[in-house]
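Listed here are the chains, written in short residue letters.
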Amino acid sequence: MPINPDKVRARQIRAAEGYLALGMPDHALRELDAIADPSLDLFGIWIFRGEALRMKLEHRLALDAFRKAHLCSPTELTALMGMAWCFKRIDQLAQAIDTMKLAYQFHKMEPVVLYNLACYYALAGEKENALSWLGRSLRMDHDHKLLSQIPNESDFDLLRHDVDFQHLLELISSQKA
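This report concerns the structure included in the present document.

## Observations concerning the overall build of the protein chain
Inference 1: Within the protein chain, the secondary structure is distributed over 10 helices and zero strands.
Inference 2: Mapped in sequence order, the helices and strands of the protein chain form the string α-α-α-α-α-α-α-α-α-α.
Inference 3: Relative to its full complement of 177 residues, the protein chain shows a buried share of 45%.
Inference 4: Looking at the protein chain alone, contacts between residues at least 24 apart form 51% of all its contacts between residues at least 6 apart.
Inference 5: Total accessible area computed for the protein chain in this model is approximately 9700 Å², and 55% of it derives from carbon and sulfur atoms.
Inference 6: Treating the 21 positive side-chain charges of the protein chain as one cloud and the 24 negative ones as another, the clouds have centres 3 Å apart.

Written out as structure tokens, the structure reads:
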């Protein structure tokens, strides 16, 4: 029985995804490197490569992989968020903000996009923008997932004791109760 290369490639991609879920980025990268014809699923391969490199804290290499995924699918949220995450970690906060603004153009109803914009603006010391994006994201956050992340979100450390920040959280919490 002949080996079907499409099935082999799909198995390798699923294996890489599984290794990532288990926190085994080196194994994931080995699976991705073994794919005979990666040109047939470039987006998935670049996304998983970016995720593996991000796990290894190789931010510049991860950014390159996410950029390549973005070229394959310019509106895909996973690639845009991966790029922004890497930009933040290589001290290119302005690029992280610009990337999330681009993500917002295509994903206006995704609360996590607005939340990440709030985080990056908070880090940039732009309080008004941070609070505006945060308030909008939390109003969209129907399952309270983002609200529950705020106490441990270090991006908001500069705002943590700000009266307006605390007032926003109290207001949102009272509306959600």
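Picking up where we left off.
## What about the side chain of Lys 88?
Inference 1: Checked against the element boundaries, Lys 88 lands in helix α5 (residues 77-89).
Inference 2: Leaving out residues up to four positions away in the same chain, Lys 88 has contacts with Leu 93, Ala 96, Tyr 120, Leu 123 and Asp 155.

## With respect to the environment of Arg 136
Inference 1: With respect to the secondary-structure elements, Arg 136 resides in helix α8 (residues 127-140).
Inference 2: Assessed through its relative accessible area of 29%, Arg 136 is described here as partly exposed.
Inference 3: Arg 136 sits 24 residues away from Val 112 along the chain, and the two C-alpha atoms are 10 Å apart.
Inference 4: Here Arg 136 is in contact with Tyr 104 and Leu 114, once residues within four sequence places are set aside.
Inference 5: Engagement of the side chain of Arg 136 in a polar contact is seen with the side chain of Tyr 104, the distance being 2.5 Å.

Calculation notes
Numbers given to residues run from 1 along each chain, matching the order in which its sequence is written. Side-chain atom pairs in this predicted model are given and counted only at pLDDT of 80 or more, local residue features only at pLDDT of at least 70, and totals for whole chains, interfaces and linings cover all residues. Each side-chain value is derived from all of the structure's non-hydrogen atoms; neither hydrogens nor water enter the calculation. For the purposes of this entry, the term helix denotes a DSSP run of H or I that reaches at least four residues, the term strand denotes a run of E that reaches at least two, and both are numbered from the N terminus. Here's how the labels work: a residue is buried when its accessible area is under 20% of the maximum for its type, exposed when over 50%, partly exposed in between, all with a 1.4 Å probe on protein chains only. The contact criterion used is simple: two residues touch if any of their non-hydrogen atoms lie within 4.5 Å. Here the Shrake-Rupley method, with its probe set to 1.4 Å, supplies the accessible areas, and only the displayed protein chains count as covering residues. Think of it this way: Lys and Arg go in the positive column, Asp and Glu in the negative one, and His and the chain ends go nowhere. By convention, the charge on Lys lies at NZ, on Arg at CZ, on Asp at CG and on Glu at CD. Here a polar contact means two N or O atoms within 3.5 Å. Within protein one must be a hydrogen donor candidate and the other an acceptor candidate, and residues neighboring in sequence count only if both atoms are side-chain atoms.

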